[in-house]
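Letter by letter, the chains look like this.
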Amino acid sequence: MSVRVRFAPSPTGYLHVGGLRTALYNFLFAKKNNGTFILRIEDTDQSRKVEGATENLIATLQWAGIEFDEGPGKDGHHGPYIQSQRLTLYTEYAEQLVAGGKAYYCFCTSERLEEVRKQQSAQGIDPKYDGHCRAIPIDEAKKRVNDGESYVVRMRVPDQGEVKFSDMIRGEVTIQNKSLDDQVLMKSDGFPTYHLAVVVDDHLMEISHVVRGEEWLPSTPKHVLLYQYFGWELPKFAHLPLLLNPDKSKLSKRQGDVAVEDYRAKGYLKEALVNFVAFLGWNPGDEREIFSLDDLINEFSFERVGKSGAVFNIEKLNWMNQQHIKVRTNEDLLPLVKPLVQEKGWTVSDEYLLHVIGLMKERVVVMNDFISACSYFYEDPSAYDETARAKNWKPESSGHVSILCEKLETLTSFDAPSIESALRSVSEELKIGAGKLIHPLRLALSGVSNGPSLFHMAEVLGKETVARRIKLALERLQ
Ligand code: GLU
């Protein structure tokens, strides 16, 4: 059997990190098995429609390197891949179920349904449709439909018996039919519900494995029944573990960002985010943690996906991002850092930026740190860290630092070793510890007390800038 899998997001306006994980697992499984990865847009809930959401989703997947083989704009003879363009299909299949007695027209008003729900909760039973319209003879129902009465189509769930299916992650799942609702399949606006559309499309698109988040597990028994009603072969199912906040609650916006776009904007590398998201539920079975997309394709399997919720740990993501930055060459990072610098209106040469990248690479957590954690590489400090100043700029420092400045200005080659030996010789002449010069010099050059090697930093800044900044500090810090 050839592997055909799909990622089927609703276009809500952004790609959730959980969605990225679902897309990634589908993609990895397809690539590993020479299969096809399909993107299907599930936009049947018209009230949730967001302009531009589909384009945004596609762009974000592309950014992450998760390319689909079939989907909007990439025909694979199973389209259209946008559900709102498939409406007549759903109507036909709903009619087919009605004709076979597997579904029925329901004319209950929302007021009536509300009343039923109220009574049920007063009696302490789970709210469920009470079957009021089940017994309406088909001819009578058809007449009411033709007369223009508002209706929905509901599936007829047997009162007895059970639904069984097997899940690649959860094993055998059994659900009693009596716990299932007569699910609405077609809404009064002529749109299908998720449940009908997903089954029809997964069948017509010849999906071999349905891989999705655990939140859809309670819906699967209804889908299985629909497959049986249509007489269609079941796909294999895999329900991925929930994503949790560190306090084990369901991953939510309240505790941090959930949109892939937010992580992208903050300067996480796509390689790191993909690596991190892959580990939310899967692991390779050994100590290795840093994986490229190709490594993941080679190693991924559902046998190594766990059942229990996966905690979204931002420290882990930060660590992974650092690892992915460190292994990149400076030249690789240049095209990523350059636009950030330009956005700030700073102009520096590529050669200069390569030096900055080289010095900062081991120190940054996110790409934006190449800017925000070391703005002193691009402009003179506008202020000096107060604590550092109190600690390191003593009354005598000004005198010491001006002597150092004179010495530095005489240097013919302004590289880190020459700068260091100049500083050490001044400290000997003045009979003071080197620290008495090092700390004030760092403060003068950067405005802060931490950063990369001072002598290398001074070398990159260059003699002119170093002298200017020392003089500036002398004026400001006297
Ligand atoms: N449209 C559903 C979602 O937004 C898809 C669920 C499924 O994959 O079946 O997640």
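Sequence order as written defines the numbering, with residues in each chain counted from 1. Side-chain atom pairs in this predicted model are given and counted only at pLDDT of 80 or more, local residue features only at pLDDT of at least 70, and totals for whole chains, interfaces and linings cover all residues. Heavy atoms from the whole structure form the basis of all side-chain values; hydrogens and water molecules are not counted.

K.L.:
Quick question: what am I supposed to make of the pattern of salt bridges here?
P.N.:
A side chain with one charge may pair with a side chain of the opposite charge, provided their charged atoms come close. Salt bridges are defined by distance alone: a side-chain nitrogen of Lys or Arg within 4 Å of a carboxyl oxygen of Asp or Glu. Taken as a whole and assessed by the stated rule, the structure comprises 28 salt bridges. Here R4 makes a salt bridge to E70, at a shortest N to O gap of 2.9 Å. Remark: E70 occurs in the loop between α2 (53–64) and α3 (87–99) and R4 occurs in strand β1 (residues 4–7); sequence separation between them is 66 residues. In this structure, R4 and E70 share a single accessibility class: buried. Here E67 and K74 are joined by a salt bridge, their closest N and O atoms 3.2 Å apart. Salt bridges linked by common partners bring R6, R40, E42, R86, D201 and D202 together as one network. In this text, helices come from DSSP runs of H or I with a minimum length of four residues, and strands from runs of E with a minimum of two, each type numbered from the N-terminal end. For every residue, the accessible area (1.4 Å probe, protein chains only) is compared with the maximum for its type, and the residue is labelled buried under 20%, exposed over 50%, or partly exposed between those bounds.

K.L.:
So what exactly am I meant to see when it comes to the packing of aromatic side chains here?
P.N.:
Think of a pair of aromatic rings as described by two things: how far the centres are apart, and how the planes are tilted against each other in angle. Any Phe, Tyr or Trp ring, taking Trp's six-membered ring, that has another such ring centre within 6.5 Å forms a pair; planes under 30 degrees apart are called stacked, those over 60 apart edge-to-face, and the others tilted. Throughout the structure, instances matching the rule amount to 20 aromatic pairs. A ring pair is formed by Y263 and F312, whose centres lie 5.8 Å apart and whose planes are at 50 degrees; its orientation type is tilted. Highlighted residues: Y263 in helix α8 (residues 260–266) and F312 in the loop between β11 (310–311) and α11 (314–326), separated in sequence by 49 residues. Residue classification places Y263 among the buried positions, given a relative accessible area of 3%. Classification of F312 as buried rests on a relative accessible area of 6%. Taken together, a centroid distance of 6.1 Å and an interplanar angle of 35 degrees make the contact between W282 and F300 tilted. Separated by 18 residues along the polypeptide, W282 in the loop between α9 (270–278) and α10 (293–299) and F300 in the loop between α10 and β11 bring together distant segments of the chain. Side by side, W282 and F300 carry an identical accessibility label, which is buried. Through a chain of ring-to-ring contacts, the aromatic side chains of Y25, F29, F279, W282, F291, F300 and F302 assemble into a single cluster. Throughout this description, the term charge over a ring refers to an Arg CZ or Lys NZ atom that lies within 6 Å of the ring centre and within 35 degrees of the ring normal. The ring of F107 carries the charged tip of R144 above its face, separated from the ring centre by 4.1 Å. R154 extends its terminal NZ or CZ atom over the ring of Y129, reaching a point 3.7 Å from the ring centre.

K.L.:
Can you help me understand the sheet that holds strand β7 (residues 184–186) in this one?
P.N.:
Either a parallel or an antiparallel arrangement is found when strands of a sheet pair, and the pairing is made through backbone hydrogen bonds. Any two strands are treated as partners once DSSP identifies two or more bridges connecting them. If you walk across this open sheet you meet the three strands as β3-β4-β7, and the pairing is antiparallel. Either end of the sheet is taken by a strand with one partner, and the two such strands are β3 (103–106) and β7. Averaged over neighbouring strand pairs, the angle between their axes works out to 40 degrees when direction is ignored. For every element, the axis is a line fit to its C-alpha atoms; helices are fit only across the contacting stretch, and the angle between N-to-C directions ranges from 0 to 180 degrees.

K.L.:
Explanation requested: the pairing of strand β5 (residues 162–167) in the structure shown.
P.N.:
On a regular strand, each side chain points to the face opposite its neighbour's, so the side chains alternate between the two faces of the sheet. Residue alternation in β5 divides its side chains into a buried set, V163, F165 and D167, and an unburied set, E162, K164 and S166. Note: β5 against strand β6 (residues 171–176), six bridges, orientation antiparallel. What sits directly across from E162, in β6, is Q176. Taking the residues that link successive antiparallel strands as the turn, the β5-β6 hairpin has three residues.

K.L.:
Honestly, the packing of helix α18 (residues 435–446) against helix α19 (residues 454–461) in this entry has me stumped. Any pointers?
P.N.:
A pair of packed helices can be characterised by two numbers: the angle between their axes and the separation between those axes. One way to put it is that α18 packs onto α19 with a least axis distance of 11 Å and a crossing angle of 35 degrees. The hand of the α18/α19 crossing is left-handed. Between α18 and α19, the contacting residues are I438, L441, R442, L445 and S446 on the first element and L454, F455, M457, A458 and L461 on the second. Per-class residue counts for the contact of α18 with α19 are eight nonpolar, one polar and one charged. In this scheme, a crossing is called left-handed if the near helix is turned counterclockwise away from the far one by less than a right angle; it is called right-handed if the turn is clockwise. The contact criterion used is simple: two residues touch if any of their non-hydrogen atoms lie within 4.5 Å. Any residue that is not Ala, Val, Leu, Ile, Met, Phe, Trp, Tyr, Cys, Pro, Asp, Glu, Lys or Arg is counted as polar, Gly included; the first ten are nonpolar and the last four charged.

Function cannot be read off these values alone, since they describe shape.
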